[in-house]
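Spelled out, the chains give:
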Amino acid sequence: MVDMQRKDTSEQARFRDYCREWLSEHHPGEPEVRIPQSPLEIMTVEQMDYLQRWQKSAYDGGLVGCDYPVEVGGGGRKDLQRIANDEMLRARTPYFPNVIGLGMAAPTVLYHGQDALKQRLLPKLFSGEDIWCQGFSEPGAGSDLASVQTFAQKSGEKWIINGHKVWTSLAHFAEWMIILLRTDKSHKYDGLSYFVVPIKSALGNGVTVKPLIKMTGETGFNEVIFENLEIDDSFRLDELGRGWQVAMTTLLHERGAGDLHVPRAGGLKSRSAHTSNAMSLISLAKELTRDGKRVADDPIIRDRIMRCIIREQGLSENQRRGRVTELLDHPMRIPLQNKLLSSEIAQEIASLAIDIEGAASSLYVGDENAPAGGQWPLAYLNSYGMTIAAGTSEVQRNILGERVLGLAKSK
Amino acid sequence: MSSNTYEFNQDAALLKDSARKFFSEKFPVEKLHELVAQDPTLGRTPQSLWFEELWQEIIELGWPMVAVPESAGGLAMPAVAVAGLVEEFGRAAFPSPMLSTLAATYVLSAADAIGPLEDICSGEAASLAIAGSKDSWGLASTEVTYSNGKLSGTAHYVQDVGKVQKILVSAHSNSDLQLFWVDLRSDGVTLDLDTIVDLTRDQGRVSFHNVEAVPISVKGLSVLAEAMPKIWMLVSADIAGAAEWQLQTTVDYVNTRKQFDKALGFFQAIKHPLVDVMIKVDETRSLLYSMANAVSAAPEKALQLSHMLKASASDLAGFASGRSVQSHGGIGFTWECYVHLYFKRQKHSQMLFGDATWHRARLADILIGPVTA
Ligand SMILES: Cc1cc2nc3c(=O)[nH]c(=O)nc-3n(C[C@H](O)[C@H](O)[C@H](O)COP(=O)(O)OP(=O)(O)OC[C@H]3O[C@@H](n4cnc5c(N)ncnc54)[C@H](O)[C@@H]3O)c2cc1C
């Protein structure tokens, strides 16, 4: 933290002080309800209410959307979101529930939407009053996203949508969906167009949302079925047939490689949530024993913990070097690694935590004897969601190999 | 300033850039191969092969004194600038006493040894003679002793010793470990080169037979401990530069060579590991500049960052080397192909001043605390 402060401009330093003061008064405190490990597993209305209230209060306090223009409900400042994020993390606040809105929809709407649409949609997206979801994947279109088939048929000034989206996180709470649709069946890429679609208001009236249960036993993602849903042409982003280009804006931000700093909070420590960084493995290994000694004395475990800590530190130092242009070879080389590395490191950490727990790692959430409330086995299971979602690790390696190293395309 | 989070300023960028141009113009890899790979014979007599004229030019450019403090007439550039420069020596796999001289410089600076630092500014190259034959990364592993004003015994694993004039010797005395500055041409000093795997370096044993020496410090252990993180930084920077060469060279090859009607890079069994090499290069480089920056900006973090850095770099050295040879196929396994030159330099650097497991064990002692009895 000391490091970060040293690099602040005077405007950033003032804003940092402001955030600290604001957070000392407005941190929402321990929730009454169990808060899941990530927003992608929010299941109940009580959880959602608590988190939405927090996001609204942070937005009213000026900590969300700081770098967006004032006209669309932002703070109209430059390079301050990063500071707010630092401070929210430091203060161990809850996370924001509207992750897809903030991380994917907002940059896409900002860069590709008509002014009127931006002004209408973004303020409630920032405040968290409108939850957003992302309708990209379909039963037949996953890694090969451009093969989506959900179809929009033109009918006067309207579009009629039919089709089937799947794995749609947060659709069960969402007011709006960003959606990639086929508007022309004869061109794979140029036949795609991008829209925003009101979901909640159309439930039972062209839209059906069916929850899917994850391997953890949690819900959080859904199937979304469209049957003759009629929407206005003003909900289209960018030109007809430019859906793929618009989707690239979404994906870049989803993978932490976009140019806008996404508002992010988190770190809340409570009975149910846990910190899943590599450093937390040290205390776990000190508490537990094997062969009559602390697990923390086992040389192989020590080595593996250090490997995780080094990888985690390396990733955070990547962000820092990423701001020093003289030390970069290719502008996308570091940004495109973010999603791949953060998900794989989290998986390695959780997998090691399970080895450290030993037999007790068989105990799951709900068992009174489970160490750390069974959060590590849960985190381990959930880590596979993260190496699959938002483009699998294999797809990320293809992208890095092809776009950054210039290796031959594999499609 | 807000766009640049390190002290990596214009001077540092200029230095790095000019080193890169210098080597790409004057020392292409063909020239390296021609110079060091003349004799493939197993069991050949060890030799120190290098372009002394280029080293003279480098002395004139002032690079060997970049890290010497101003008080001794040096350029006193920050560690981030030095890291940037050394990366380019690694990228070129340039045979020279640069790394050794910089390593000696950091020890001499910690000992405030103005005279020897001035020798470096005058163009003399130096190396550390601080390792014993066993347990060589321990700070007190030396088997040299000092008594009645004379040095005796043998120092092992002295880097680039065939290219230097001075050595910095550590020796046990009846008090603490002590440090000395010795001219290799002094009476009673003999040098035997080791036969080593790496063709881009030399290494040797230096024996002392009642040698008179200039004392530098009577607090050898704490002086060495202060300098070591920066020495790990130097080796890591060399590894990072060499690994980027291995990556780019291999990428070029797999983009050109075709099998099954496709460029090799098309196949994910080739593509994905090369992406992993890139990821490891970036991890090492990011840790490198953070560590180097910490030397002045956050000294309390420098030690732990330096262990992270050398652990990361050592793993990178092994991994990038393995992939570079494997992805070249049969040609990559020949003496004629350039990749083995880097493979060997990297394998040397991988264990030099501590391999990855050793550094992770030291890091664990800091972060977890020592193993309880
Ligand atoms: C927790 C979670 C949340 C999600 N949330 C959303 C959401 O909100 N909105 C949304 O639209 N989608 C969401 N998804 C879907 C996600 O984007 C897809 O699951 C993902 O893109 C992979 O597609 P797929 O499931 O069809 O797998 P497939 O594409 O069928 O892949 C199966 C396996 O084959 C591999 N594979 C595929 N193609 C290649 C290739 N070219 N080279 C090498 N290997 C390959 C994959 O890496 C994977 O291992 C979510 C998924 C998860 C797990």
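Numbering of residues starts from 1 in every chain and runs along the sequence as written. By the order in which they are written, chains take letters starting at A while ligands take numbers starting at 1. The predicted origin of the model limits local features to residues at a pLDDT of at least 70 and limits the giving and counting of side-chain atom pairs to 80 or more, whereas totals for whole chains, interfaces and linings rest on all residues. In computing side-chain values, all of the structure's heavy atoms are included and hydrogens and water are not.

## Overview of the interface of chain B and chain A
Item 1. With 53 residues of chain B at the interface, the matching set in chain A holds 47 residues.
Item 2. Both faces combined, the contact of chain B with chain A buries some 4400 Å², and carbon together with sulfur accounts for 59% of it.
Item 3. Summed over both partners, the accessible area (1.4 Å probe) lost when two parts come together is defined as the buried area. Taken as a group, Thr5, Arg360 and Ile368 of chain B account for 15% of the area that chain B buries against chain A, more than any other trio of residues on that side.
Item 4. In the sections that follow, a salt bridge refers to a side-chain nitrogen of Lys or Arg positioned within 4 Å of a carboxyl oxygen of Asp or Glu. Counting every contact that joins chain B to chain A gives eight salt bridges.
Item 5. Its salt-bridge partner being Asp276 of chain B, residue Arg397 of chain A comes within 2.8 Å of it at the nearest N-O pair.
Item 6. We call two N or O atoms a polar contact when they sit within 3.5 Å, provided that within protein one can donate a hydrogen and the other can accept it, with sequence-adjacent residues counted only if both atoms are side-chain atoms. For the pair chain B and chain A, the interface holds 20 residue pairs in polar contact (both at pLDDT 80 or more).
Item 7. Helix and strand definitions follow DSSP, with helices as H or I runs of at least four residues and strands as E runs of at least two, each counted in order from the N terminus. Mapped by element, the contributors of at least two residues to the side of chain B that touches chain A are helix H1 (10–26), helix H7 (220–256), helix H8 (268–297), helix H9 (299–328) and helix H11 (356–367) of chain B.
Item 8. Here the side of chain B that touches chain A gets 18 residues from one element, more than from any other, and that element is H8 of chain B. We call two residues in contact when some of their heavy atoms are within 4.5 Å.

## Re the pattern of salt bridges
Item 1. All chains considered together, the criterion is met by 51 salt bridges over all chains.
Item 2. When the shortest N-O distance is used, the salt bridge between Arg90 of chain A and Glu87 of chain A registers 3.1 Å. Note that Arg90 of chain A and Glu87 of chain A are positioned in helix H4 (residues 81–90) at a spacing of three residues, about one turn of the helix.
Item 3. Salt-bridge contacts for Arg285 of chain B lead to Asp329 of chain A; the nearest nitrogen and oxygen are separated by 3.5 Å. Remark: Asp329 of chain A occurs in the loop between helix H9 (299–321) and helix H10 (338–357) and Arg285 of chain B occurs in helix H8; the pair is interchain, linking two chains.
Item 4. Using a relative accessible area of 5% as the deciding quantity, one classes Arg285 of chain B as buried.
Item 5. Assessed through its relative accessible area of 42%, Asp329 of chain A is described here as partly exposed.
Item 6. Because the salt bridges share partners, they merge into one network encompassing Arg321, Asp329 and Arg333 of chain A together with Lys16, Glu87, Glu88, Arg91, Glu244, Asp282 and Arg285 of chain B. Buried means the residue's accessible area, taken with a 1.4 Å probe over protein chains only, is under 20% of the maximum for its type, while exposed means over 50%, and partly exposed covers the values in between.

## Some points on unusual backbone geometry
All names here are of chain B.
Item 1. Backbone geometry places Tyr157, a non-glycine residue, at a positive phi of 50 degrees.
Item 2. Of note, the phi angle at Phe260 is positive, near 50 degrees, even though the residue is not glycine.
Item 3. Counting through the fold element by element, Phe260 comes out in the loop between strand S9 (258–259) and strand S10 (262–263).
Item 4. On the basis of relative accessible area, Phe260 is assigned to the exposed category, the value being 73%.

## Notes on the site of the ligand
Item 1. One heavy atom suffices: a residue is near a molecule or strand as soon as one of its heavy atoms comes within 4 Å of it. Taken together, 18 residues lie around the ligand, and Ser137, Ser143, Trp167, Thr392 and Glu394 of chain A are the ones closest in.
Item 2. Of the chains in the model, those with residues near the ligand are chains A and B.
Item 3. Ser137 of chain A is positioned with one of its backbone polar atoms (N or O) 2.8 Å from an oxygen atom of the ligand.
Item 4. Separating a nitrogen atom of the ligand from a side-chain N or O atom of Gln268 of chain B is a distance of 2.8 Å.
Item 5. Note that accessible areas follow from Shrake-Rupley with a 1.4 Å probe, and for residues the cover is restricted to the protein chains shown. Protein contacts shield 67% of the accessible area of the ligand, which totals 960 Å² for the unbound molecule.

## Comments concerning the domain arrangement of chain A
Residue and element names in this part refer to chain A.
Item 1. Each domain's limits were defined by an automated method or a database of domain assignments. Domain assignment breaks chain A into domain 1 (14–96), domain 2 (132–254) and domain 3 (280–404).
Item 2. Listed as interface residues are 10 residues of domain 1 and, on the opposing side, eight residues of domain 2.
Item 3. Of all residues in domain 1, Leu40, Met43 and Met48 bury the most surface against domain 2, accounting for 61% of the area lost on that side.
Item 4. Of the charged contacts in the structure, one is a salt bridge between Glu218 and Arg34, with a shortest N-O distance of 3.7 Å.
Item 5. Put simply, domain 1 and domain 2 have two residue pairs in polar contact (both at pLDDT 80 or more) between them.
Item 6. Note on residue classes: Ala, Val, Leu, Ile, Met, Phe, Trp, Tyr, Cys and Pro are nonpolar, Asp, Glu, Lys and Arg are charged, and everything else, Gly too, is polar. Taken together, the residues of the side of domain 1 that touches domain 2 break down into seven nonpolar, one polar and two charged.

## Some remarks on a nonpolar patch on the surface
Item 1. A patch is a set of surface residues, each over 30% in relative accessible area and not in a salt bridge, joined within 9 Å for like charges and within 5 Å for the nonpolar side chains Val, Leu, Ile, Met, Phe, Trp and Tyr. Nonpolar side chains collect at one region of the surface, where Met215, Tyr384 and Ile388 of chain A lie side by side and expose about 330 Å² of accessible area between them.
Item 2. Checked against the element boundaries, Tyr384 of chain A lands in helix H11 (residues 375–388).

## Quick word on the packing of aromatic side chains
The description of an aromatic ring pair rests on the distance of the ring centres and on the angle between the ring planes.
Residues and elements named next belong to chain B.
Item 1. Aromatic contacts are taken between Phe, Tyr and Trp rings whose centres are within 6.5 Å, Trp giving its six-membered ring; a plane angle under 30 degrees counts as stacked, one over 60 as edge-to-face, and the others as tilted. Evaluation of the coordinates by the stated rule reveals 29 aromatic pairs over all chains.
Item 2. Arranged with centres 6.5 Å apart and planes meeting at 55 degrees, the rings of Phe23 and Trp63 form a pair that is tilted. Highlighted residues: Phe23 in helix H1 and Trp63 in the loop between helix H3 (52–61) and helix H4 (79–92), separated in sequence by 40 residues. Here Phe23 matches Trp63 in class, with each residue buried.
Item 3. Their ring planes at 80 degrees and their centres at 4.9 Å tell us that Phe23 and Phe89 sit as a pair that is edge-to-face.

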